[in-house]
Amino acid sequence: MNCLEERILKDGVVKEGNVLKVDSFLNHQMDIKLFDEMGAEFARRFEGKNINKILTIEASGIGIASVAALHFGGCPVVFAKKAKSINLDGEMYTAEVESFTHKNINHVIVSKKFLSSDDHVLIIDDFLANGCALQGLIQIAAQAGASVEGIGIAIEKGFQQGGRIIRNLGYQLESLAIVDGMDAEKGTIELRQQ
């Protein structure tokens, strides 16, 4: 069992509606030492890939992607923004992304000056449920002509369809922890043996 799996079992909280709260160490308060270990594992799993940029989506993917980037030679991290702001200028790549957690649709954007056909990207995110965020990031990479070298996920909900969809598209998808079942009433979490 890896350090992330151990932490999920120790500090993860199961809520109704297939929600796994890991905000004490992953997506509200961040355990940087854990992120560093996760980044090292992503580097091991994607060894030999020509990765020169990491692509993620705001907000929870940014911390993991940033620390992981250190294990890829300190390559830049580009994150898709969920809202256009006045300080964004120039042409943008856009995709529509439905959020499992927030039950809404976001139009995510990346400036064309930060992603191009010269880029070999590793997509990193905190959770994979239905795969909508990843499909949006894949669309943005395709619009840029960038090559998606792989996809790294902290926690995949293996009982939802996202992992199967992304793997069926032919991408190397590496999830550091896969949750096969949760019971909110009992507070139990079942992890897949990897």
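Above this note sits the structure.
Thresholds, definitions, all that
Counting from 1, residues in each chain are numbered in the order their sequence is written. In view of the model being predicted, local features appear only for residues whose pLDDT reaches at least 70, and side-chain atom pairs are presented and counted only at 80 or more, with totals across whole chains, interfaces and linings using the full set of residues. Side-chain measures were taken over the full set of non-hydrogen atoms in the model, leaving aside hydrogen atoms and water. Being paired, for any two strands, means DSSP has found at least two bridges between them. Comment: elements are numbered from the N terminus, with helices defined as DSSP H or I runs of at least four residues and strands as E runs of at least two. Whenever a helix is involved, its axis is fitted only over the stretch in contact; in every case the axis is a line through C-alpha atoms, and angles between N-to-C directions fall within 0 to 180 degrees. Contacts are assigned to residue pairs with any non-hydrogen atoms lying within 4.5 Å of each other. In these notes the angle categories are as follows: under 35 degrees is roughly parallel, over 145 is roughly antiparallel, 65 to 115 is roughly perpendicular, and the rest is oblique. Classes in brief: Ala, Val, Leu, Ile, Met, Phe, Trp, Tyr, Cys and Pro nonpolar; Asp, Glu, Lys and Arg charged; the others, Gly included, polar.

Asks: Help me out: how do you make sense of the sheet that holds strand S3 (residues 53-57) in this one?
Replies: Two strands in a sheet stick together by hydrogen bonds in their backbones, pointing the same way (parallel) or opposite ways (antiparallel). One open sheet accounts for six strands, arranged S4-S3-S7-S8-S9-S10; its pairing is mixed. Only two strands of the sheet have a single partner each, and these edge strands are strand S4 (77-80) and strand S10 (188-191). Neighbour-to-neighbour, the strand axes of the sheet open up by a mean angle of 25 degrees, direction not taken into account. Bridging between strand S7 (residues 120-128) and strand S8 (residues 147-157) involves eight bridges; their strand directions are parallel. Within S8, the position partnered with leucine 128 by the bridge is glutamate 156. Those strands touched by helix H2 (residues 32-45) are S7, S8 and strand S9 (173-183), and its axis lies near 120 degrees from that of S9. Relative to the sheet, helix H4 (residues 132-144) contacts S3, S4, S7 and S8, its axis offset from that of S7 by approximately 165 degrees.

Asks: I keep staring at the packing of helix H1 (residues 3-11) against H2 and nothing clicks. Help me out?
Replies: Two packed helices can be described by the angle between their axes and the distance between those axes. One can describe the packing of H1 onto H2 by two numbers: an axis separation of 10 Å at closest approach and a directional angle of 140 degrees. Here H1 is positioned oblique relative to H2, judged by the angle of their axes. Contacts between H1 and H2 pair Cys3, Leu4 and Arg7 from the former with Leu34, Glu37 and Met38 from the latter. Class assignment for the residues of the contact of H1 with H2 results in four nonpolar, no polar and two charged.

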